[in-house]
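Analysis of the macromolecular model
Letter by letter, the chains look like this.
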Amino acid sequence: MEKQYRLKKNRAFQYVYRRGHSVACRDLVMLCAKGRELKVGFSVSKKVGNAVTRNKVKRRLRECFRPYLGDVKTGLYVIVARPSAAEATFQSLQRDIRYLLKKQAALKEGNRAE
RNA sequence: CGAGGUGAACAGGCGGUUGCGUGGCGCGAGCCAUGAGGAAAGUCCGGGCACCACAGAGCAAGGGUGCCGGCUAACGGCCGGCGGAGGCGACUCCAGGGAGAGUGCAACAGAAAGAAACCGCCAGGCUUCCUUCACGGAGCCAGGUAAGGAUGGAAAGGCGAGGUAAGAGCUCACCCGCGGGACUGGUAACUUUCCCGCGCUGUAAACCCCACCCGGUGCAAGAUGCAGGGGGCCAGACGGCUGCUCGCCGCAGUCCCCCGGGAUCGCUGGAGCCAUCCGGUGACGGAUGGCCUGGAUAGAUGACCGCCCAAUACAGAACCCGGCUUAUGGUCACGCUCGCGCG
RNA sequence: GGCUCCGUUGUCUAGAGGCCUAGGACGCCGCCCUCUCAAGGCGGAAACACGGGUUCGAAUCCCGUCGGAGCUG
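Residues numbered from 1 in each chain as written. Chains lettered and ligands numbered in written order. Predicted model: local features only at pLDDT ≥ 70, side-chain atom pairs only at ≥ 80, totals over all residues. Heavy atoms only, no water.

Among the seven residues in strand β4 (residues 75–81), seven count as buried, and that is most of the element. Side chains Gly 75, Tyr 77, Ile 79 and Ala 81 of β4 all project onto a buried face; the interleaved residues Leu 76, Val 78 and Val 80 project onto the opposite face, where all are buried too. Bridge count between strand β2 (residues 28–33) and β4: six bridges; the pairing is antiparallel. Counterpart to Cys 32 in the pairing with β4 is Tyr 77. Pairing analysis gives seven bridges linking strand β3 (residues 38–44) to β4, with the strands arranged parallel. When the sheet's bridge partners are listed, Val 40 is paired in β4 with Tyr 77. Taken together, β3, helix α2 (residues 51–65) and β4 form a β-α-β motif whose crossover is left-handed. (Buried < 20%, exposed > 50% of the residue type's maximum accessible area, 1.4 Å probe, protein only. Helix = DSSP H or I, 4+ residues; strand = E, 2+ residues; numbered from the N terminus. Pairing = 2+ DSSP bridges. Right-handed = clockwise from strand over helix to strand, strands pointing away.)

Below, the structure written as structure tokens:
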């Protein structure tokens, strides 16, 4: 996932937290706000675990989101990991991302049928 | 065989597909190289570096350290000794100066907590009892005495003999402890032996005294500017208030300052790592040769597999080094210890 | 990243070497009162974050872990 797609500044996160629409499942929360560009940010708090497990969760989430970069509508996305995400496997995180994107109706029309 | 002790290295490796950071090459698609730890952690110490203050050092406050010698850039670290404590032992641990400067504290218990006479013991005087004296008993008075006594963590060195009215280091022998001096060994801490004096409670991780060390803030330090903001200046091309002059405002010019938003630098080659040899008991030092080994900025190592395999645990750089402490997996070495069994 | 502070019953707290077997308030449990509940009265359970050290003796002093707040940005 390249730099241009990343959500960076804290104020941008705050904007998404205020204005975004949220959907959730057991391990993750996804917030989405409208925007001209596609930006994705990940938030993994200290409640999830120590630095090693936080990094691992973040890397897995980035890898899960990567295949959808071309298929997702533009906007600002923030994905928050809940503490239970530390125990989740890569496959279950993949299922959660797919489920949340569908629930958010964020996929472009052409890929809906897939 | 079991239970320990000490020390050391390692922290999976190789190969695919795909993805990320940095560097190089290329117009470009892309290709090549490289990419977390022994603790990166806690932030407990010591430095480098940067800015501020003082630009001389001293004093005060506050904080820290505390046997001796050495190592080191420095340290509260390390090495080697000394002393003490623990353990059958290998060995381990110790904030290990000063209580012969002063102040404080020592609950409860106990007569009494460095100050002592409650009980007891003892000779004396007076009264009294036993028919009287003596001996003896009881009471009172004013004394002597720390040998004995509930206690306590701790009770005024210990034991024996002499001595005494009763006693007491009051005296003596031996032992113990403390201080001083001389001597042996040692650079020193300390120690061997002897002499003299003393018998003093514990506590300084209570205040304190003594010796030594420490200016403060920390890379989000700091530097350069871009956007922006503020102020001054002159006279002028321009616009507006107005048709003209003066005046004012804006814009432009130039100088200075601020700079929180953004950018670049700081940013990684260093008290560096490896090998051999030499000096040293050792920490470590020296010489020679070789090597280049993260630099991100919402923060780079992931996903799916195959083989070897016991291959897992603790755990992720954020300016950089030297330590300490804590977390943690299995492995190895020992001409280290103890116990059991067999020969 | 850096700095500062704090951990005592379920909650808020008192404590400053021995008086602590740790006190108080709210809450909880039981009994009394009442036709019942509330209020009231009586009684009870319940804590020094953890591990070492100093001391005769530690919630208190020292060291190290663990946890939680706050400041800076």
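Take α2 next. Helix length check: α2, at 15 residues, gives a terminal C-alpha distance of 21 Å against a target of 21 Å (1.5 Å per residue), a fit within 8%. Turning to α2, the residues buried within the fold contact β2, β3, β4 and α3 (90–104). (Expected span 1.5 Å × (residues − 1). Contact = heavy atoms within 4.5 Å.)

Here the focus is the environment of Val 48. The topology assignment puts Val 48 in the loop between β3 and α2. When the C-alpha positions of Val 48 and Gln 14 are compared, they lie 20 Å apart, and in sequence the two are 34 residues distant. Each residue touching Val 48, except ones within four places of it in the same chain, is listed here: Thr 53, Val 57, Ala 81, Arg 82, Pro 83 and Ala 86.

Our next topic: the nonpolar core. Formed by 28 residues in total, the largest nonpolar core has its most connected members in Leu 28, Leu 61, Phe 65, Ile 79, Ile 97 and Leu 101. When contributions to this core are tallied by element, the ones reaching two or more residues are β2, β3, α2, β4 and α3. Excluding its chain neighbours within four sequence positions, the residues that come into contact with Leu 101 are Met 30, Phe 65, Tyr 68, Val 72, Ala 106 and Leu 107. Judged by nonpolar contacts, the second largest core, of nine residues, contains Leu 7, Leu 76, Val 78 and Val 80. (Core = buried A, V, L, I, M, F, W, Y, C linked by side-chain atoms within 4.5 Å.)

Before going further, it helps to spend a moment on the confidence of the model for chain A. Confidence along chain A averages 79 in pLDDT terms, with 88% of residues attaining 70 or more. Low pLDDT, under 50, characterises residues 110–114; the predicted model gives this stretch three contacts beyond four residues in sequence or across chains. Among the scores for the predicted complex, ipTM is 0.78 and pTM is 0.78. (pLDDT = per-residue confidence, 0-100.)

This next bit is on α3. Spanning 15 residues, α3 covers 21 Å between terminal C-alpha atoms, matching the ideal 21 Å at 1.5 Å per step. Burial in α3 covers these residues: Ser 92, Leu 93, Asp 96, Ile 97, Leu 100, Leu 101 and Gln 104. Ala 105 occupies a position one or two residues after α3 and carries a positive phi of about 60°.

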